[in-house]
Amino acid sequence: EEAVKLYRQSAEQGYENGQYQLGYSYMRGIGGLAKNNEEAVRLFRQAAKQGLASAQAHLGFCCMHGIGVAHDVADAARYFRLA
């Protein structure tokens, strides 16, 4: 839970790694967070816009499988290429 607190602070300050880690925590429902795929995708998008490859890859995965976002193979391919 302490890690999630630090991820949140980092994400709120605009750091892509914090956004990604907080998103991952929401996706898995870890660190005391309720599982929330929509919030995970929102955070992955923020980090992906800053060029974080792991966020781009996770966003591609979410688009490919319709997790927290509408199933969209074209978007998935775009994010995978960016990663």
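Note that the coordinates shown come from a computational prediction; the quantities given were computed from them, not determined experimentally.

## Some words on the overall build of the protein
Thinking step 1. Each helix and strand counted, the protein has five helices and zero strands in total.
Thinking step 2. The helix and strand sequence of the protein, counted from the amino end, reads α-α-α-α-α.
Thinking step 3. The C-alpha radius of gyration computed for the protein amounts to 12 Å, which stays within 12% of the reference 12 Å derived for 83 residues, consistent with globular compactness.
Thinking step 4. With respect to the principal axes defined by its C-alpha atoms, the protein has extents near 35 × 25 × 15 Å.
Thinking step 5. Scored against the burial criterion, the 83 residues of the protein give a buried share of 34%.
Thinking step 6. Restricting the contact set of the protein to residue pairs at least 6 apart, pairs at least 24 apart contribute 38%.
Thinking step 7. Counting every atom, the protein has about 4,700 Å² of accessible surface; 50% of that belongs to carbon and sulfur.
Thinking step 8. Seen as two clouds, the 9 positive and the 8 negative side-chain charges of the protein have centres 4 Å apart.

## Section: helix H4 (residues 53-65)
Thinking step 1. Helix length check: H4, at 13 residues, gives a terminal C-alpha distance of 18 Å against a target of 18 Å (1.5 Å per residue), a fit within 8%.
Thinking step 2. Listed as buried for H4 are Ala 55, Gln 56, His 58, Leu 59, Gly 60, Cys 62 and Cys 63.
Thinking step 3. Those residues of H4 hidden inside the fold are in contact with helix H2 (16-28), helix H3 (37-49) and helix H5 (73-82).

## Points about the confidence of the model for the protein
Thinking step 1. Of the residues in the protein, 100% have a pLDDT of 70 or more, and the chain-wide mean is 97.
Thinking step 2. Per-residue pLDDT, averaged within each element of the protein, yields its smallest value for helix H1 (residues 2-12) (96) and its largest for H3 (98).

## Observations concerning the nonpolar core
Thinking step 1. Of all hydrophobic cores here, the largest spans 20 residues; its most connected members are Tyr 20, Leu 22, Tyr 26, Phe 44, Ala 55 and Leu 59.
Thinking step 2. When contributions to this core are tallied by element, the ones reaching two or more residues are H1, H2, H3, H4 and H5.
Thinking step 3. At six residues, H3 tops the list of elements feeding residues into this core.

## Topic: the environment of Tyr 79
Thinking step 1. Structurally, Tyr 79 is set in helix H5.
Thinking step 2. Each C-alpha atom, one on Tyr 79 and one on Ala 57, is 6.2 Å from the other, the two residues being 22 residues apart in sequence.
Thinking step 3. Ignoring anything within four residues of it in the chain, the contact list for Tyr 79 reads Arg 45, Gln 56, Leu 59, Gly 60 and Cys 63.

Conventions adopted
Residues numbered from 1 in each chain as written. Predicted model: local features only at pLDDT ≥ 70, side-chain atom pairs only at ≥ 80, totals over all residues. Heavy atoms only, no water. Helix = DSSP H or I, 4+ residues; strand = E, 2+ residues; numbered from the N terminus. Rg over C-alpha atoms; globule rule 2.2 N^0.38 Å. Buried < 20%, exposed > 50% of the residue type's maximum accessible area, 1.4 Å probe, protein only. Contact = heavy atoms within 4.5 Å. Areas by Shrake-Rupley, 256 points an atom, 1.4 Å probe, with all protein chains shown as cover. Lys, Arg positive; Asp, Glu negative; His and termini not counted. Charge placed at Lys NZ, Arg CZ, Asp CG, Glu CD. Expected span 1.5 Å × (residues − 1). pLDDT = per-residue confidence, 0-100. Core = buried A, V, L, I, M, F, W, Y, C linked by side-chain atoms within 4.5 Å.

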